[in-house]
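Each chain is listed here by its residues.
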Amino acid sequence: MANQTQQQPAFRKTIAIEGMTCASCVGRVEKVIQKISGVDAVAVNLATEKAVIHSHQALDQADVVAAVERAGFAVLKAEPIELQIEGMSCASCVGRVEKALNAVSAVAQAHVNLATERASIQLQHDVDLAVLIAAVEKSGFEAKPIQAQSIQGRQDQHVQDKKADELKLLKRDLLIATVLALPVFILEMGSHMIPMFHQWIMHNIGSYNSWLIQFVLTTLILIFPGRRFYQKGIPALLRLAPDMNALVAVGTLAAYAYSLVATFAPQLLPQGTVNVYYEAAAVIVALILLGRFFEAKAKGRTSQAIQHLVGMQAKTARVEGAGGITEVDVAEVQSGMIVQIRPGERVPVDGEVLSGQSFIDESMISGEPIPVEKVAGGSVVGGTVNQTGSIRIRATAVGSDSVLSQIIHMVEQAQGGKLPIQAMVDKVTMWFVPVVMLLAVLTFLVWLIFGPEPALSLALVNAVAVLIIACPCAMGLATPTSIMVGTGRGAEMGVLFRKGEALQLLKQAKVVAVDKTGTLTAGKPTLTDFEVVAGFDHDDVLAKVASVEAKSEHPIAQAIVLAAAERGLALQPILDFNSVTGYGIEAKIAQHVIYVGADRYMEKLGLHPEAFAQTAARLGEEGKTPLYVAIDDQLAAIVAVADPIKASSFAAIDALHKLGLKVAMITGDNRHTAQAIAKQLHIDEVVAEVLPEGKVAAINKLKQQYGRVAFVGDGINDAPALAEADVGLAIGTGTDVAIEAADVVLMSGSLIGVPNAIALSKATIDNIHQNLFWAFIYNAALIPVAAGLLYPSFGILLSPIFAAGAMALSSVFVLTNALRLRAFKPVLLATKV
């Protein structure tokens, strides 16, 4: 019988670990977890800061946490639980839901987003989902769990359908309210504003009959299209947690009730105060429904980036099987299956090309407009478009493991996040509605006691105006709508914000620190220079040098061999090969003796490299070390192999300088090479010859010197530095999106995404400031006007009808302003790296 450790693992557990900085940390964590009873295998990844544990029995989370803590590290809590919240209408609703969730003992932190209508809940320990849903329902709202994102978007289809139904219902109610409110408005306001119309009503309808008509129409409005405000607002009042619906409910019911008394029991009112305000109640409902309708439409547009990404997934795939090729639903494709893709089709899943050749449009993930050639051995990404040829691929990642699914998940996480600036908004709006209701009561009392006649009527009108104009919808929408549109636009540009708060921090960055290898440069040695002396053939000399270097595994040698292969040069047989320690190599090809080495080797052979003096000087300025080639005791060529600077790096650094940022380069390379590259790129500061852990110290020093630091690296060996920086930007490779250490992932694989990300951050935060300024100033300025502050000096009063229109306009302005970010133009267009 096989022993326990040889059993097939039946359980897989992934945990996030905090505090690891190097490979020895990884080893310590793996060692302590391996000792837990039942564990078969454990793999810890420093870049993702996660441990994947395989076991043949269920593991107690407490045992795993205790083991990791004994090793000196901390286990981060599981991925946040997402809930769909229904029924929220303003910022005070957000505050109440957050308060209810945070009151649950298992909840470490809860964030609620009004624009996405979602709650993100970080738990301290496991808790039954029903407890969280019950907490939300107790606060007066509905909650439903959100499952893991399905790449086909089916998981969100129910939500999308429900929102579409809500929009239809809003449109219907708005139409009914408008049709019924229009005659009420004409009958009452027309008679006040047009004397002839007033006379016509008096002679043909009669004042009392006009009031009865208004009563019937307004009653219908409040009972049918307006009942949503009372169904939600009155229970909120009874819970002593008023919201926007409560403000509308109290305001309209006050106007309606006063009008009822004036119509059917006028003797109860003081002389001179018998007036009706049916038109105020009716038109307020119609105008607020109009605002809600525009809000709902605009909210749908803010999430179009996600919908666009989901729509990129192919619906079917052509899979090879024993019975031939079968077209199946893409959800049925499993890893390892062979899939055929014809010209013009979307790639259904991530995979490796087995055969065929084609060009694929990958602009959806990298922003790169130029199609990329794919041949056997290359990788393809689901959702990209196959253009010219047919290819066969082996599926490597499907469903939630695919690149497109990870992109969608990142965008959703960022859109659901809260910026630091939102904390101030939350504190204000939590108390805003109760304060407004107190102000409305105060307004009523002041006008009733000190106001001119008819004091009661004026007190009512002004109190209702205060209630209606102060709805904090615009405050609640100001930040999340801009985040949604900004992060969505970023995704379309190949800039993925993994965390919403990175938007605000990136705008505050004063210096951008950049890793050299793989970020500024291509990341692999390339033959950059090859010049021959007159009388020698370029390709013949290169073929001979490559033949000699093919015997070596050194990266420089491999770069020369690759350059020869790219020119179609055949390697020649080597007769003798000898390494001359400290100088170079010597080999014999046919009747020729080849020497390759540094200048001192040439001098030892009695040859003078001065013929290449100018070239050698230029190479030295560029940080390249030249090698020389001699054939049969004659100097033949000068060779330079280097890690070339990406073409995109020049434009990116220039763009960063134009944005007013300092640029620093942090590298483990030697100081001479680093300074040479910095000189070419006009980099402001160079930190060279540092180990990976030294990059963390360098970043801290830059923070002290400049302020906030953004660090750009490749997301793997730069994980500690990415985590230490205020904002970490990882340069992806088009498919490597699961970079957990970074706050922002740049899909283009080049630095062009950095100035684009920073410019987008500035635009988004500026947009949020505009929204918040409008929302706060609007309320601060118009509440006193609604209360009648201008009446003593200017005789100006704000009608509740105009208050309702202004309130609706406020929210529509905020949403429309946020949608302007969809037109954001990148600072740099995607180019070849």
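Residues numbered from 1 in each chain as written. Predicted model: local features only at pLDDT ≥ 70, side-chain atom pairs only at ≥ 80, totals over all residues. Heavy atoms only, no water.

Taking an unreviewed UniProt entry as the reference, the chain is identified by name as P-type Cu(+) transporter belonging to Acinetobacter calcoaceticus. We quote the UniProt Subcellular location (unreviewed entry) comment for the chain here in full: "Cell membrane". (UniProt positions renumbered as here; feature names shortened; annotations may be inferred.)

The next subject is the overall build of the chain. Looking only at helices and strands, one finds 29 helices and 30 strands in the chain. Burial analysis of the chain (833 residues in total) assigns 51% to the buried set. The contacts of the chain with a sequence gap of at least 6 include a subset with a gap of at least 24, amounting to 70%. Total accessible area computed for the chain in this model is approximately 36,700 Å², and 59% of it derives from carbon and sulfur atoms. (Helix = DSSP H or I, 4+ residues; strand = E, 2+ residues; numbered from the N terminus. Buried < 20%, exposed > 50% of the residue type's maximum accessible area, 1.4 Å probe, protein only. Contact = heavy atoms within 4.5 Å. Areas by Shrake-Rupley, 256 points an atom, 1.4 Å probe, with all protein chains shown as cover.)

Turning our attention to the sheet that holds strand β20 (residues 526-532). In spatial order, the strands read β20-β25-β24-β23-β22-β21; together these six strands make up an open sheet with antiparallel pairing. The open sheet has two edge strands with one neighbour each: β20 and β21 (576-580). Each strand of the sheet is rotated relative to its neighbour by a mean of 20 degrees, with strand direction disregarded. (Pairing = 2+ DSSP bridges. Axes fitted to C-alpha atoms, helices over the stretch in contact; angles between N-to-C directions.)

Moving on, we come to the side chain of Arg489. Its location among the elements puts Arg489 in helix α16 (residues 473-492). Accessibility expressed as a relative area gives 14% for Arg489, which makes it buried. A distance of 3.5 Å separates the side chain of Arg489 from the backbone oxygen of Arg822, its partner in a polar contact. Each residue touching Arg489, except ones within four places of it in the same chain, is listed here: Leu821, Arg822, Phe824 and Pro826. (Polar contact = N/O pair within 3.5 Å; in protein donor to acceptor, adjacent residues only side chain to side chain.)

Our next topic: the sheet that holds strand β19 (residues 511-515). Read across the open sheet, the seven strands follow the order β18-β30-β29-β28-β19-β26-β27; overall the sheet is mixed. Since the sheet does not close on itself, it has two edges, and those belong to β18 (495-497) and β27 (685-687), each with one partner. On average, each strand axis in the sheet is tilted by 20 degrees relative to the strand beside it, whichever way the strands run. In this sheet, strand β26 (residues 662-666) lies alongside β19 in parallel orientation, the contact comprising five bridges. In the strand pairing of β26, Asp515 is matched with Ile666. In the packing of helix α27 (residues 753-787) onto the sheet, contacts are made with β18, β19, β28 (709-713), β29 (727-731) and β30 (744-746), and the angle to β18 comes to roughly 50 degrees.

Next up on the list: the environment of Ala249. Positionally, Ala249 belongs in helix α9 (residues 244-264). Each C-alpha atom, one on Ala249 and one on Gln231, is 9.1 Å from the other, the two residues being 18 residues apart in sequence. Not counting the four nearest positions on each side in its chain, Ala249 is found in contact with Phe229 and Tyr230.

The next thing to look at is the side chain of Asn756. Inspection of the secondary structure puts Asn756 in helix α27. A relative accessible area of 4% places Asn756 in the buried class. Beyond its immediate sequence surroundings of up to four residues, Asn756 is in contact with Met493, Phe824, Pro826, Val827 and Leu828.

Side chains that carry opposite charge are capable of pairing whenever their charged atoms lie near each other. Across all of its chains, the model carries 19 salt bridges by this definition. Across the pair Arg172 and Asp173 runs a salt bridge whose closest N-O atoms are separated by 3.1 Å. The exposure class assigned to Arg172 is partly exposed, which follows from its relative accessible area of 42%. Among the salt bridges present, the one from Arg392 reaches Glu320, with a minimum N-O distance of 2.7 Å. Taken together, the residues Arg392 in strand β17 (residues 391-397) and Glu320 in strand β9 (residues 316-321) connect sequence positions 72 residues apart. Note on Glu320: relative accessible area 27%, which makes it partly exposed. Several salt bridges share partner residues, and in doing so they unite Asp529, Glu531, Arg618, Glu622 and Lys624 into one network. (Salt bridge = Lys/Arg side-chain N within 4 Å of Asp/Glu carboxyl O.)

Before going further, it helps to spend a moment on unusual backbone geometry. Look at the link from Glu453 to Pro454: it is a cis peptide, with omega at -5 degrees. Considering the arrangement of structural elements, one finds Pro454 in the loop between α14 (420-450) and α15 (455-469). Within the chain, Asp632 stands out as a residue other than glycine whose phi angle is a positive 50 degrees. Position of Asp632 relative to the elements: it lies in the loop between β24 (626-631) and β25 (634-642). Among the residues examined, Asp632 registers a relative accessible area of 33% and is labelled partly exposed. Here the phi dihedral of Asp633 falls at roughly 65 degrees; this positive angle occurs in a residue that is not glycine.

In contact at an axis separation of 8 Å, helix α23 (residues 647-658) and α27 are set at 25 degrees when each is read in the N-to-C sense. Here α27 runs roughly parallel to α23, going by the angle between their axes. Residues Ala652, Ala655 and Leu656 of α23 form the contact with α27, whose own contacting residues are Val754, Pro755 and Ile758. Looking at the contact of α23 with α27, its residues break down into six nonpolar, no polar and no charged. (Parallel < 35°, antiparallel > 145°, perpendicular 65-115°, else oblique. Nonpolar A, V, L, I, M, F, W, Y, C, P; charged D, E, K, R; others polar.)

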